[in-house]
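Coordinate analysis (summary)
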Protein chains: 2
Amino acid sequence: MEIIGFVAAILTTAAFLPQVYKTWKTKDVSGLSLPMLAIFFVGVLGWLIYGVLKESPSMIFANSITIISSFLLLFFKIKYQKN
Amino acid sequence: MEIIGFVAAILTTAAFLPQVYKTWKTKDVSGLSLPMLAIFFVGVLGWLIYGVLKESPSMIFANSITIISSFLLLFFKIKYQKN
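Scope of this entry: the structure provided in the associated data block. (Residues numbered from 1 in each chain as written. Chains lettered and ligands numbered in written order. Predicted model: local features only at pLDDT ≥ 70, side-chain atom pairs only at ≥ 80, totals over all residues. Heavy atoms only, no water.)

What to know about the overall build of chain A
For the record, the criterion: For helices the rule is a DSSP run of H or I covering at least 4 residues; for strands it is a run of E covering at least 2, with both sets numbered from the N terminus onward. Buried means the residue's accessible area, taken with a 1.4 Å probe over protein chains only, is under 20% of the maximum for its type, while exposed means over 50%, and partly exposed covers the values in between. Note on definitions: a residue-residue contact is assigned when non-hydrogen atoms from the two residues lie within 4.5 Å.
When its secondary structure is counted, chain A shows three helices and zero strands. The N-to-C order of helical and strand elements in chain A reads α-α-α. Considering only C-alpha atoms, chain A reaches an extent of 45 × 20 × 15 Å along its principal axes. Of all 83 residues assigned to chain A, the portion counted as buried reaches 46%. At a minimum sequence separation of 6, the contacts of chain A that also span at least 24 residues come to 75%.

Written out as structure tokens, the structure reads:
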């Protein structure tokens, strides 16, 4: 069972890396939604707590990394946003 | 425990709705990464299977909705992408 979780963890975690890289290089944040990024960040924190309570290694692994990625996207959005 | 999972589920699920809405209205997909969207879609499918195996109502609920959102973003990206 845990192998499926780990594959899912690697995929959804890895999915954020091209986005983080692209946003970092292009500074193009026009297509990113600030409410999305903020809500997502808090949600991922919730999943991390849930994963700890469920004692799920996949969830703890995935959400620890995703929370860093989502923090970076949120940071870029606020930093590069044109008013 | 499940309440934390459901709060996390609602947040990460809800996070995609402004993004889906924004992308649908603006057709601005320049800041969205195609590899991210494709990998994410497959990853969410993995989490859905893992949630079923773990018998986690929060994970099944969240990933059922997120898989639809991520499919829509992937569809918009392919449809509106300028070459």
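What about the packing of aromatic side chains?
Rules: When the centres of two rings from Phe, Tyr and Trp lie within 6.5 Å, Trp using its six-membered ring, the rings pair. Their planes under 30 degrees apart give stacked, over 60 give edge-to-face, and anything left gives tilted. Look at NZ for Lys and CZ for Arg. If either is within 6 Å of the ring centre and within 35 degrees of the ring normal, a charge sits over the ring.
In total, this model carries 16 aromatic pairs over all chains according to the counting rule given. With a centroid separation of 5.4 Å and an interplanar angle of 25°, the aromatic rings of phenylalanine 16 of chain A and phenylalanine 40 of chain A are classed as stacked. Residue phenylalanine 16 of chain A is located in helix α1 (residues 2-26), and its partner phenylalanine 40 of chain A is located in helix α2 (residues 34-53); the two are separated by 24 residues in the primary sequence. Phenylalanine 40 of chain A carries the same exposure label as phenylalanine 16 of chain A, and that label is buried. Through pairs of rings, three or more aromatic residues link up here, namely Phe16 and Phe40 of chain A together with Phe16 and Phe40 of chain B. Just above the ring of tryptophan 24 of chain A sits the side chain of lysine 25 of chain A; from NZ or CZ to the centre is 5.4 Å.

Some remarks on the relation of the copies chain B and chain A
For clarity, the cut-off: The least-squares superposition of copies is restricted to C-alpha atoms, and to residues with a pLDDT of at least 70 in both copies.
Superposing chain B onto chain A requires a rotation of 180° together with a translation of 0.0 Å along the rotation axis, leaving an RMSD of 0.0 Å. Here the transformation between the copies is reduced to the relation of a two-fold axis. Relative to the rotation axis, the closest C-alpha in chain B is found at glycine 31 of chain B, a distance of 2.4 Å. Most of the interface of chain B is mirrored in chain A, where 100% of its interface residues are also at the interface.

Looking at the interface of chain B and chain A
Heads up, the rule is: Reported buried area values correspond to the accessible surface (1.4 Å probe) lost by two parts on association, with both partners' losses combined. Salt bridge, as used here: a side-chain nitrogen of Lys or Arg that lies within 4 Å of a carboxyl oxygen of Asp or Glu. Throughout this description, a polar contact denotes any pair of N or O atoms lying within 3.5 Å of each other; where both atoms belong to protein, one of them has to be capable of donating a hydrogen while the other can accept it, and for residues adjacent in sequence the pair is counted only when both atoms sit in side chains.
With 37 residues of chain B in contact, the opposing surface of chain A contributes 37 residues. It is Met36, Trp47 and Tyr50 of chain B in chain B that bury the most area against chain A; as a group they hold 18% of the surface buried on that side. Applying the counting rule to chain B against chain A returns zero salt bridges. For the pair chain B and chain A, the number of links is 16 residue pairs in polar contact (both at pLDDT 80 or more). Secondary-structure elements contributing two or more residues to the side of chain B that touches chain A are α1 (2-26), α2 (34-53) and α3 (57-80) of chain B.

Considering the side chain of serine 56 of chain B
Along the chain, serine 56 of chain B falls in the loop between α2 and α3. Side-chain polar atoms of serine 56 of chain B contact the side chain of tyrosine 50 of chain A, separated by 2.7 Å. Once you skip the residues sitting within four places of it in the chain, serine 56 of chain B turns out to touch Tyr50 and Lys54 of chain A together with Glu2 and Gly51 of chain B.

Function cannot be read off these values alone, since they describe shape.
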